[in-house]
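Survey of secondary and tertiary structure
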Amino acid sequence: MRATRTLATIGLFATLTLGLAACGGGAEPAAPAESAPPMSSGQPMSSAPAMPASDGVTTDADVFGPACGQLPQGDEPGSIDSMGPQPVATAASNNPLLSTLVTAVGKVPGLADTLNQQEAITVFAPANDAFTAVQEQLGEEQFNALLADTETLQGLLSYHVTPQRMDAAGLVEAKTLTQLAGGDLTVGGTPEAPTVTDGMGNTANVLCGNIPTANATVFVIDKVLMPKG
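Calculation notes
Residues numbered from 1 in each chain as written. Predicted model: local features only at pLDDT ≥ 70, side-chain atom pairs only at ≥ 80, totals over all residues. Heavy atoms only, no water. Helix = DSSP H or I, 4+ residues; strand = E, 2+ residues; numbered from the N terminus. Buried < 20%, exposed > 50% of the residue type's maximum accessible area, 1.4 Å probe, protein only. Contact = heavy atoms within 4.5 Å. Areas by Shrake-Rupley, 256 points an atom, 1.4 Å probe, with all protein chains shown as cover. Disulfide = S-S within 2.5 Å.

Remarks on the overall build of the protein
Scanning the protein for helices and strands turns up 9 helices and 7 strands. Classification of the 229 residues of the protein by burial places 48% in the buried group. For the protein, the share of sequence-separated contacts (at least 6 apart) that also reach a separation of at least 24 residues comes to 72%. Carbon and sulfur atoms make up 54% of the accessible area of the protein, which amounts to about 10,500 Å² in all.

Regarding unusual backbone geometry
Of note, Lys175 is a non-glycine position whose phi angle comes to about 70°, a positive value. Phi is positive for Asn210, close to 60°, though the residue is something other than glycine. Topologically, Asn210 is positioned in strand S6 (residues 203-212). Classification of Asn210 by relative accessible area gives buried; the value is 8%.

Notes on the state of the cysteines
Using the criterion set out here, one finds 1 disulfide in the structure. The partner cysteine of Cys68 in its disulfide is Cys208, sulfur to sulfur 2.1 Å. Between Cys68 and Cys208, the S-S torsion sits near 110°, and that sign places the bridge as right-handed. Here Cys68 is found in the loop between helix H1 (2-23) and helix H2 (80-83), whereas its partner Cys208 is found in strand S6, with 140 residues between them in sequence. Exposure remark for Cys68: the relative accessible area of 16% places this residue in the buried category.

Here it is as structure tokens:
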């Protein structure tokens, strides 16, 4: 049974990887990184590699992007004002752009608490439409299987977290980010319009960036990021 489950997991992950690569742009894949274990709920995150000196903390005035206007306004739940004082998983739970991501995080026991307990991270948060594209590529049955496979899902979600807090200018200056899953992301564009390219060469655009939370800077993006391999 264990061998069967392992093979099924590998097949599901391979299908997702190849499917998203086929849907992605023509960008060259990022250079492979040394493998590292995915984020484990309840365990401290690994330290980040050397990057440009910046605390990465943003304010409401720094938020930018074409989808920011879709967020609730004022002090309504899910608004920029309400997210700022909250730890990142709690802040995301009320963001209407991120309801599918919040569901996925909730499928991994303890992951939301682990994210909330970190002191300084950057989170690339796929918007709902990004997950819808994955569901259409995989089909509903395989997509539900992905959500049910906590080990694979945890690895995928950890690839969206950088263990250092950075703003848009810091991301563009860094150029390459090493993620918790062990793979790299390549950052392009400008601080006003950064792009993030995953290990399979798929490039995501920032829909709403520099979102401040109590312990993280959040960038809502338009694709689910996939590591190389």
